[in-house]
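Here is how the chains run, residue by residue.
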Amino acid sequence: MTPTTQNSASAPTQHLDVDGNRYAYRRFGAAGKTPVVCLQHFTGTLDNWDPAIVDELAKDREVILFENAGIGGSNGAVPTTIDGMTEHALRFVDALALPKLHILGFSLGGFLAQNLAIARPGLIDRMVISGSAPEGGDGAGMDRPELVAIYVDATMPMTEKLKHLFFPATPEGQAAADAFVARLATRTADQDPPAGPDVAPAQLNAMIAWANWKGNVAGKLARIPHRVLVTNGDNDTMIPTKNSFALAAGLPNATLIIYPNSGHGAIYQYAPTYVAHVREFLQQP
């Protein structure tokens with residue numbers, strides 16, 4: 001289907017049936033330029049995309065929010081490997097039958113973006129990889145005890161988990177966190193089902209295996225010739241910032257931007273600046 005709205009708060013949740021799988025997605029924005037497919041973070045659903053980012057990007061191009069198998073409104077089992085997640089993403093992007101795509105991969109989504117670029121090099125034009133890591137990246141499994149304690153805390157609301165995990169415990173960081181949580185609440189109809197109890201364990205296992213890979217990191221990154229914008233906060237405690245430097249060093253055609261006094265959620269803390277950087281990157285000839 002073509003986009004029907006310019007706004008993520010009112011974009012209808014659509015479904016694409018491919019080989020027995022039903023994928024939930026939302027598609028909105030201005031037609032005419034290469035669309036950007038957005039790949040979500042650990043346990044994130046369609047409703048976790050920040051309107052301050054996706055709505056602004058949608059002003060000059062189509063934005064497609066994809067939900068992998070077993071998440072939210074997509075059916076099937078949650079893949080326990082990054083390769084399995086990538087296979088589902090490939091089925092989805094191939095079924096869209098678009099001549100070119102940009103990819104925006106945040107966190108876990110950045111893992112998939114790298115694999116997609118290798119699997120479908122001719123389909124993907126440019127990529128934005130934010131708060132992520134190469135395969136074999138140190139600490140990319142997000143399984144440190146202090147993080148797991150937050151994931152499994154049944155008494156902590158999801159909004160509080162996002163504030164703790166994505167933002168620094170500074171007045172500025174927590175003000176940005178409150179603003180981000182408020183923006184997520186702007187969609188009140190046709191809301192996505194929250195991630196079920198099987199999502200976090202499956203995705204965490206996949207991320208741990210990705211981090212523990214002992215292959216040729218530099219060799220894999222060298223297989224991605226695309227233009228890539230790599231971003232992160234200067235103190236990412238979920239996927240350590242040094243992994244963004246590793247991506248920028250290993251990708252042949254990368255640009256690196258590090259945002260100050262911020263962590264994993266730097267894209268939310270600096271949403272207007274991030275959007276300006278992404279827009280400029282995607283519009284460059």
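Residues numbered from 1 in each chain as written. Predicted model: local features only at pLDDT ≥ 70, side-chain atom pairs only at ≥ 80, totals over all residues. Heavy atoms only, no water.

(A) Main features of the pairing of strand β6 (residues 124-130). Burial analysis of β6 places six of its seven residues in the buried class, the great majority of the element. Examined bridge by bridge, strand β5 (residues 101-106) and β6 share five bridges and lie parallel to one another. Considered in β6, the bridge of Gly-105 is made with Ile-129. For the crossover from β5 across helix α3 (residues 108-119) to β6, the handedness is right-handed. For β6 and strand β7 (residues 227-233), the ladder comprises five bridges, and the chain directions are parallel. The residue bridging Arg-126 from the neighbouring strand is Arg-227, located in β7. (Buried < 20%, exposed > 50% of the residue type's maximum accessible area, 1.4 Å probe, protein only. Helix = DSSP H or I, 4+ residues; strand = E, 2+ residues; numbered from the N terminus. Pairing = 2+ DSSP bridges. Right-handed = clockwise from strand over helix to strand, strands pointing away.)

(B) Representation of the packing of aromatic side chains within the structure. For the coordinates displayed, the defined rule picks out 14 aromatic pairs. With a centroid separation of 5.7 Å and an interplanar angle of 40°, the aromatic rings of Phe-166 and Tyr-268 are classed as tilted. Here Tyr-268 lies in helix α10 (residues 266-269) and Phe-166 lies in helix α5 (residues 158-166), a separation of 102 residues in the sequence. The same class applies to Phe-166 as to Tyr-268, namely buried. Both rings, one in Tyr-259 and one in Tyr-270, keep their centres 5.5 Å apart while their planes meet at 20°; by these two values the pair is stacked. (Phe/Tyr/Trp six-rings, centres within 6.5 Å; stacked < 30°, edge-to-face > 60°.)

(C) Geometry of the nonpolar core. Among the nonpolar cores identified, the biggest contains 88 residues, and Val-63, Phe-92, Phe-111, Met-127, Met-142 and Phe-166 are the most heavily contacted of them. Non-local contacts of Met-127, meaning those with residues more than four positions away in its chain, are made with Ile-103, Ala-113, Ala-117, Ile-224, Arg-227, Val-228, Leu-229 and Phe-281. (Core = buried A, V, L, I, M, F, W, Y, C linked by side-chain atoms within 4.5 Å. Contact = heavy atoms within 4.5 Å.)

(D) View of the pattern of salt bridges. Under the definition given, this model contains 16 salt bridges. We note a salt bridge from Arg-279 to Asp-60, for which the minimum N-O separation is 2.8 Å. Of the two residues, Arg-279 sits in helix α11 (residues 271-283) while Asp-60 sits in the loop between α1 (51-57) and β4 (62-66), which places them 219 residues apart along the sequence. Put simply, Lys-242 and Asp-138 hold a salt bridge, and the shortest N to O gap is 2.5 Å. (Salt bridge = Lys/Arg side-chain N within 4 Å of Asp/Glu carboxyl O.)

(E) Representation of the sheet that holds β6. Strand order across the open sheet formed by eight strands is β1-β2-β4-β3-β5-β6-β7-β8, with mixed pairing between neighbours. Either end of the sheet is taken by a strand with one partner, and the two such strands are β1 (14-18) and β8 (254-259). Averaged over all pairs of adjacent strands, the angle between their axes in this sheet comes to 25°, without regard to strand direction. (Axes fitted to C-alpha atoms, helices over the stretch in contact; angles between N-to-C directions.)

(F) Representation of the environment of Asp-17 within the structure. The topology assignment puts Asp-17 in strand β1. Placed 233 residues apart in sequence, Asp-17 and Gly-250 show a C-alpha to C-alpha distance of 36 Å. Within the local environment of Asp-17, its side chain forms a polar contact with the side chain of Arg-22, the two groups lying 3.0 Å apart. (Polar contact = N/O pair within 3.5 Å; in protein donor to acceptor, adjacent residues only side chain to side chain.)

(G) Examining the packing of α3 against helix α7 (residues 199-211) more closely. Two elements in contact, α3 and α7, have axes separated by 11 Å at closest approach and are oriented at 60°. Taken together, the axis directions place α3 and α7 in an arrangement best described as oblique. Every pair of crossing elements has a handedness; the one defined by α3 and α7 is left-handed. Residue-level inspection shows Leu-108, Phe-111, Gln-114 and Asn-115 of α3 in contact with α7, the latter providing Gln-203, Met-207 and Trp-210. Across the contact of α3 with α7, the residue classes break down as four nonpolar, three polar and no charged. (Parallel < 35°, antiparallel > 145°, perpendicular 65-115°, else oblique. Left-handed = near helix turned anticlockwise from the far one by under 90°. Nonpolar A, V, L, I, M, F, W, Y, C, P; charged D, E, K, R; others polar.)

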